[in-house]
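Each chain, letter by letter, is given below.
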Amino acid sequence: MSAPLYVGLVHYPVYDKNFNIVATAVTNYDLHDISRTSKTFGVRKYFLIHHVAGQLDMIHKILSFWRSKVGRNYNAYRTEAFDIVETQPSVERVIEKITETEGVRPYVVTTDARTYANTVSYKELRLKRECGNRPVLLLFGTGYGMTRDMMEQFDFILEPIHGTGEYNHLSVRSAVAVILDRLAGEAWWQQRRQ
C-alpha cells in the first residue's frame, strides 16, 4: 500500500511571464481537469490554494453546482471528482490540514519545468511512497511557476518533465496528469507480456 498522495495548485506566490510575483486567476479547466486526474490516480485531496475572496467565491459557486442534485444528475462522474476538492488560503495551511488528518507532516514536493540543483527523480519519489507511510503533497504552480523561494523551502523538488526537444511549456493540467501517472499509475514496465 502506497503512502497517501495530495495535490496542491498554487496561485500565489507565482511568477508572471516577466517574472513579477503575482496571484493568478483560477481557471475552470484547472478545477475540472485536475480534480478528475487526481481522482483517477487515488489522490486523497486536491487543494486549490488561493487567498483572494473573489476567486474563492467563483470556485465555491462551481463546486456548489456540481455537488447539487442538478449537477449530480447531469454528470455524476464530475460530482464524484469534485468530492476531493478543497480550498485553502496558503500552502502552510494545506500542510497543517494534511498533518492533522494523517498524524504526520507530509513530504512537500514542488514541481517546475526549470531544473534546480536539489531534485528528486520520479523513481526515487515513487519508491518513497511505496516503501513508506509518510504522505506526499505535490505542489504545482500556476502562471510561470512558483517563486524560487517557495521552490527551495520544502523537502524535495521533482525533476522536470522532458519532452523530445527544447520546447518545455506544458499546461499545469498536462503536467499534473503526466506526473501522477509516473508516481501513482500502474507499473506498466513491470507487466509481463501474455
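All values derive from a computational prediction rather than experimental measurement.

**Q** Explain the UniProt feature "domain: tRNA (guanine-N(1)-)-methyltransferase C-terminal" (unreviewed entry) in the protein to me, please; I cannot follow it from the model alone.
**A** In this structure's numbering, the residues bearing the UniProt feature "domain: tRNA (guanine-N(1)-)-methyltransferase C-terminal" (unreviewed entry) are residues 5-185. Helix and strand shares over residues 5-185 are 45% and 19% respectively, and the end C-alpha atoms of the span are 12 Å apart.

**Q** Explanation requested: the packing of helix α1 (residues 28-40) against helix α2 (residues 53-67) in the structure shown.
**A** Packed helices, taken two at a time, are described by their axes: the angle between them and the distance between them. Contact geometry for α1 and α2: axes closest at 11 Å, N-to-C directions at 45°. With respect to α2, the element α1 is oriented oblique. For α1 against α2, the interelement crossing comes out right-handed. Residues N28, L31 and H32 of α1 pack against I59, I62, L63 and W66 of α2. Its residues assigned to classes, the contact of α1 with α2 comprises five nonpolar, two polar and no charged.

**Q** Looking at this structure, how should I read the pairing of strand β5 (residues 85-88)?
**A** Each regular strand displays side chains that alternate between the two surfaces of the sheet. Both faces of β5 are covered, namely the face carrying V85 and T87 and the face carrying E86 and Q88. Inspection of the sheet shows strand β4 (residues 45-49) paired to β5 by four bridges, in the parallel sense. Within β5, the position partnered with I49 by the bridge is Q88.

Reading the values: the criteria
Residues numbered from 1 in each chain as written. Predicted model: local features only at pLDDT ≥ 70, side-chain atom pairs only at ≥ 80, totals over all residues. Heavy atoms only, no water. UniProt positions renumbered as here; feature names shortened; annotations may be inferred. Helix = DSSP H or I, 4+ residues; strand = E, 2+ residues; numbered from the N terminus. Axes fitted to C-alpha atoms, helices over the stretch in contact; angles between N-to-C directions. Parallel < 35°, antiparallel > 145°, perpendicular 65-115°, else oblique. Left-handed = near helix turned anticlockwise from the far one by under 90°. Contact = heavy atoms within 4.5 Å. Nonpolar A, V, L, I, M, F, W, Y, C, P; charged D, E, K, R; others polar. Buried < 20%, exposed > 50% of the residue type's maximum accessible area, 1.4 Å probe, protein only. Pairing = 2+ DSSP bridges.

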